[in-house]
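# Chain and residue survey
Spelled out, the chains give:
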Amino acid sequence: DAKTTQPNSMESNEEEPVHLPCNHSTISGTDYIHWYRQLPSQGPEYVIHGLTSNVNNRMASLAIAEDRKSSTLILHRATLRDAAVYYCIPTGNQFYFGTGTSLTVIP
Amino acid sequence: DAGITQSPRHKVTETGTPVTLRCHQTENHRYMYWYRQDPGHGLRLIHYSYGVKDTDKGEVSDGYSVSRSKTEDFLLTLESATSSQTSVYFCAISNRRGNTFYGYTFGSGTRLTVV
């Protein structure tokens, strides 16, 4: 299974865009790239996923590098409710979480 | 929402006793998963199931067993609980409807304390 590297923590000012990076250099050709987030005292929550091309939904955008060895989750305007741990997960049928990136949003 | 519930939400048990955690889903999803979460480790996969009576091990399966006798229920059993199994346990399902994948949906978690 592909391993991931994410920064342990990041900060952002409220209302500003946030770019959360993830390296997954050993990803296989058929693995999707998933992003989840976990708010304090809750279970993880699906954010977005993609395979090769960039993806957008109401929560975020996902930019995938052409070689698929890295991806970036983009929150267009951070709010205080976006403060969470964000996990990047390349996956087939199994799901392996790392320790993720803890995002702090500063009012 | 995928309709996934975990029970109990909290449990305190003594070392050496058996414990069973239940995950229940209402929408007939094929894949179900059990994770544990400990400080500094993120979530780690214990076991997963890809159908009734079809299960496989994850990365931290020692000391745990699972059963899936019907689609809607995935049970996690600690045969003889140890203090190292004090953790928060999450169940998850792979949320698909037809050919559309909506992501993985997680339950609210079970906080287990082994004393």
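In this report, the structure presented in the accompanying data block is examined. One numbering rule holds for all chains: residues counted from 1, following each sequence as written. Labels follow written order: the first chain is A, the first ligand is 1, and so on. Residue-level local features of this predicted model are given only where pLDDT is at least 70; pairs of side-chain atoms are given and counted only at 80 or more, and the full residue set underlies all totals for whole chains, interfaces and linings. For the side-chain quantities, the full set of heavy atoms in the structure was used; hydrogens and water were omitted.

### A short note on the interface of chain A and chain B
- Any two residues whose heavy atoms approach within 4.5 Å are treated as being in contact. Across the boundary between the two partners, chain A contributes 17 residues, which contact 20 residues of chain B.
- Carbon and sulfur atoms make up 57% of the area that chain A and chain B hide from each other, which totals about 1500 Å².
- When a carboxyl oxygen of Asp or Glu is within 4 Å of a side-chain nitrogen of Lys or Arg, the pair counts as a salt bridge. Put simply, chain A and chain B have zero salt bridges between them.
- Elements supplying a minimum of two residues to the side of chain A that touches chain B: strand S3 (32-38) and strand S4 (45-50) of chain A.
- No other element matches the three residues that S3(A) contributes to the side of chain A that touches chain B.
- Throughout, the ten residues Ala, Val, Leu, Ile, Met, Phe, Trp, Tyr, Cys and Pro are labelled nonpolar, Asp, Glu, Lys and Arg are labelled charged, and all others, Gly among them, are labelled polar. Here the residues of the side of chain A that touches chain B sort into seven nonpolar, 10 polar and no charged. Two parts placed together each lose some accessible area; with a 1.4 Å probe, that loss summed over both constitutes the buried area. Elements are defined by DSSP. Helices are runs of H or I of four residues or more, strands are runs of E of two residues or more, and each kind is numbered from the N terminus.

### Quick word on the state of the cysteines
- Sulfur atoms of two cysteines make up a disulfide when they are within 2.5 Å. Tallying each qualifying case throughout the model produces two disulfides over all chains.
- Disulfide pairing is shown between Cys22(A) and Cys88(A); the S-S distance is 2.1 Å. Taking the sign of the S-S torsion, -80° for the link of Cys22(A) and Cys88(A), the bridge is left-handed. Taken together, the residues span a long stretch of sequence, with Cys22(A) in strand S2 (residues 18-23) and Cys88(A) in strand S8 (residues 84-91) at a distance of 66 residues.
- Given the relative accessible area of 2%, Cys22(A) is considered buried.
- Note on classification: 1.4 Å probe, protein chains only; a residue is buried when its accessible area is under 20% of the maximum for its type, exposed when over 50%, partly exposed between these limits. The buried category is assigned to Cys88(A), whose relative accessible area is 0%.
- Note on cysteine connectivity: Cys23(B) is disulfide-linked to Cys91(B), with sulfurs 1.8 Å apart. On the sign convention where negative is left-handed, the bridge of Cys23(B) and Cys91(B), at about -75° about the S-S bond, is left-handed. You can see Cys23(B) sitting in strand S3 (residues 19-25) and its partner Cys91(B) sitting in strand S9 (residues 87-97), a full 68 residues away along the chain.
- Cys23(B) gets classed as buried once you look at its relative accessible area, which sits at 0%.
- According to the relative accessible area criterion, Cys91(B) is buried, its value standing at 0%.

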